[in-house]
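# Fold and contact review
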Amino acid sequence: MAKSKSRNLVNLNVNPCKMCMPMGAALAFEGVEDSMVLIHGSQGCSTYIRRHIATHFNEPIDIASSSLSEQGTVYGGAANLVQGLKNVAAIYSPKVIGVLTTCLAETIGEDITHIIKESGVASELKGIDIIPVPTPGYAASEYNGYFVALKKIVAFYAREPKVKTNHINVIVTDLTPADIRELKRILSLFEVEYTIFPDISETLDAPYKKGFDIKTEGGTTKSQLRRMSAAIATIEFGWMTPLGLSPGRYLEETFDVPLYSCPLPIGLNGTDLFLEAISKIYDKQIPVELKKARGRMLDAMIDSHKLNREGRAVIYGNPELIYAVSNLCIENGIEPVVIATGTDTNPLVEQLDQQLSRYRYNPIILKDCDFESIQEIAVEQKTNLLIGNSDGKFIKEKEDIPLVRIGFPIHDNIGASRQLYIGYEGSLRFLDLITNTLIDKKHEAYRDKMYNKYFVN
Ligand code: SF4
């Protein structure tokens with residue numbers, strides 16, 4: 001049986017392969033209708049987060065800050081936070097405000113839940129739900145921050161339902177707005193009712209309009225959030241999520257909503273598992289249109305298999321995404337040589353070993369790692385393909401290894417929100433991109449190699 005090698009790295013990260021917790025939590029709130037985020041900390045934190053989200057999605061993004069300065073840091077930032085909440089309410093009139101902490105706020109011991117309660121600001125700002133989410137930047141990654149926020153939002157709205165409904169919850173991560181639109185198309189083909197949470201399909205990919213709207217449209221609504229506890233099941237793309245962070249697990253344990261934990265529907269097997277879950281919950285056949293798309297994907301996989309066999313890939317990013325992408329590579333004959341994430345609280349090694357047991361692949365798996373380590377091992381292992389977000393572009397430039405982009409952030413290419421990766425259609429587009437990148441790389445050096453082999457000396 002192939003056994004992947006998990007490497008322990010020196011406990012020093014230079015250019016870590018992750019972002020901080022409030023980044024992930026802010027992304028979660030972007031998928032809630034009419035919501036704003038207020039970050040309790042210094043202005044730099046909100047600027048960093050705003051800039052990343054804005055350049056990835058090419059949408060105007062507002063993230064408020066309580067602007068903690070020296071005075072607030074020494075004497076406590078309660079006054080800044082309360083004033084910040086009032087300002088956000090006055091300027092944006094949102095229905096929901098997510099309050100997130102930062103390294104600074106947590107280090108000086110700010111208890112945002114207590115401050116909000118004791119100050120009475122919540123009752124003063126009637127009609128606005130204020131949801132505090134502790135997200136110490138240094139404690140974990142944006143992946144953890146994202147799920148912590150999802151769980152807090154679900155727990156805020158979920159109540160014991162009077163009657164069960166016939167809808168499913170679909171809790172998502174690492175998807176683009178185009179992916180979410182595809183998810184809706186797939187669910188519509190099954191003719192089922194659903195709540196997608198969080199839904200960034202419009203909030204982070206809005207159609208052009210004349211003039212500037214301070215607020216975007218779309219997102220999961222409050223009533224959709226409230227009915228999540230009444231669903232007949234939850235499908236959660238949280239295969240790697242630690243149990244304590246899973247909103248789907250919370251709904252199951254608290255309200256008996258059965259949880260179907262699935263990997264992201266990327267690749268043949270990943271998509272199969274998602275469709276089978278819907279089919280099982282509703283006792284429905286998989287729609288013909290999706291069966292045909294599966295057949296087309298299988299046909300294309302056969303066509304490109306011989307070309308993909310040359311791939312030796314470094315796959316990096318969030319645990320959920322790299323698990324799904326690794327599976328897509330494996331089922332297409334692309335060898336995952338290095339699989340890396342900056343997050344450490346996930347069962348990546350265990351889950352991948354199960355998948356790899358059928359193949360002779362023996363990848364190096366890096367957890368809690370940085371790009372310096374990824375670069376060193378990528379060169380050592382003679383890889384010819386990088387798959388991940390824009391933060392790997394320096395390895396691409398320095399080592400001349402092509403980069404196929406997926407994940408967050410992508411700010412050195414245009415159109416990240418329009419990329420489709422999920423379902424049979426999206427997986428096939430992504431596979432074609434990988435295969436064509438391998439072909440280009442091969443042809444780039446092909447003539448030189450042949451010349452040196454057969455005509456020099
Ligand atoms: S790591 Fe800490 S200081 Fe830096 S942006 Fe995140 S919360 Fe702010």
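Here's a quick rundown of the structure. Everything quoted here is computed from the prediction, not taken from an experiment. (Residues numbered from 1 in each chain as written. Predicted model: local features only at pLDDT ≥ 70, side-chain atom pairs only at ≥ 80, totals over all residues. Heavy atoms only, no water.)

## Overview of the site of the ligand
Note the threshold: Any residue with a non-hydrogen atom lying within 4 Å of a molecule or strand is treated as near it. Only Asp, Glu, Lys and Arg are considered charged in this grouping, and only Ala, Val, Leu, Ile, Met, Phe, Trp, Tyr, Cys and Pro are considered nonpolar; every other residue, Gly among them, is considered polar.
Within the structure, the ligand sits among Cys20, Pro22, Cys45, Tyr48, Thr102, Cys103 and Gly137. The class makeup of the residues in the shell around the ligand is five nonpolar, two polar and no charged.

## A look at the environment of serine 141
Note the threshold: Numbering of helices and strands starts at the N terminus; helices are DSSP runs of H or I of at least 4 residues and strands are runs of E of at least 2. We call two residues contacting when some pair of their heavy atoms lies within 4.5 Å. We define a polar contact as two N or O atoms separated by no more than 3.5 Å, with the added condition that, inside protein, one atom must be a possible hydrogen donor and the other a possible acceptor, whereas residues neighbouring each other in sequence contribute only through side-chain atom pairs.
As for its placement among the helices and strands, serine 141 is situated in the loop between strand S5 (129-133) and helix H8 (142-157). Each C-alpha atom of the pair serine 141 and lysine 18 lies 5.8 Å from the other, and the pair is 123 residues apart in sequence. Dropping the residues within four chain positions of it, serine 141 is found in contact with Lys18, Met19, Cys20, Met21 and Thr343. Of the polar contacts made by the side chain of serine 141, one reaches the side chain of asparagine 144; its length is 2.9 Å. Side chain to side chain, serine 141 and threonine 343 meet in a polar contact 2.8 Å long.

## Regarding the packing of aromatic side chains
How we decide: A pair of Phe, Tyr and Trp rings is counted when the ring centres sit within 6.5 Å of each other, with Trp represented by its six-membered ring. The angle between the planes then sorts it: under 30 degrees is stacked, over 60 is edge-to-face, the rest tilted. Between buried and exposed lies partly exposed: a residue is buried under 20% and exposed over 50% of the maximum accessible area for its type, with that area taken using a 1.4 Å probe on protein chains only.
Counted under the stated rule, the structure contains nine aromatic pairs. Aromatic side chains tyrosine 143 and phenylalanine 147 sit 5.3 Å apart centroid to centroid with 65° between the ring planes, which places their arrangement in the edge-to-face category. Here the residue tyrosine 143 and the residue phenylalanine 147 both occupy positions in helix H8, the gap between them amounting to four residues, near one helical turn. Given a relative accessible area of 2%, tyrosine 143 falls into the buried group. Geometrically, the ring pair formed by tyrosine 146 and phenylalanine 147 is edge-to-face, given 5.5 Å between the ring centres and 80° between the ring planes. Among the aromatic residues, those joined into a ring-pair cluster are Tyr143, Tyr146 and Phe147.

## With respect to empty space enclosed by the protein
We apply this condition: Computed over the protein atoms alone on a 1 Å grid, cavities are sets of points where a 1.4 Å probe fits but cannot get out and pockets are open sets with protein on both sides within 12 Å along at least five of seven lines; a residue lines them when it has an atom within 4 Å of a point. Grid points are joined across faces, edges and corners, and a volume is the space filled by probe spheres set on the points.
Applying the stated rule across the entire model yields three cavities of 30 Å³ or more. As a volume, the largest cavity reaches approximately 340 Å³. Lining the largest cavity we find 23 residues, and of these Leu27, Thr173, Asp174, Leu175 and Phe408 sit closest to its centre. Sort the elements by how many residues they give to the lining of the largest cavity and H8 lands first, with three residues. Elements that contribute at least two residues to the lining of the second largest cavity include exactly helix H1 (21-30) and strand S2 (35-40). For the lining of the second largest cavity, the element with the highest residue contribution is S2, accounting for three residues. Looking at side-chain class alone, the lining of the second largest cavity contains 11 nonpolar, three polar and six charged residues.

Read these as spatial facts, not as claims about activity.
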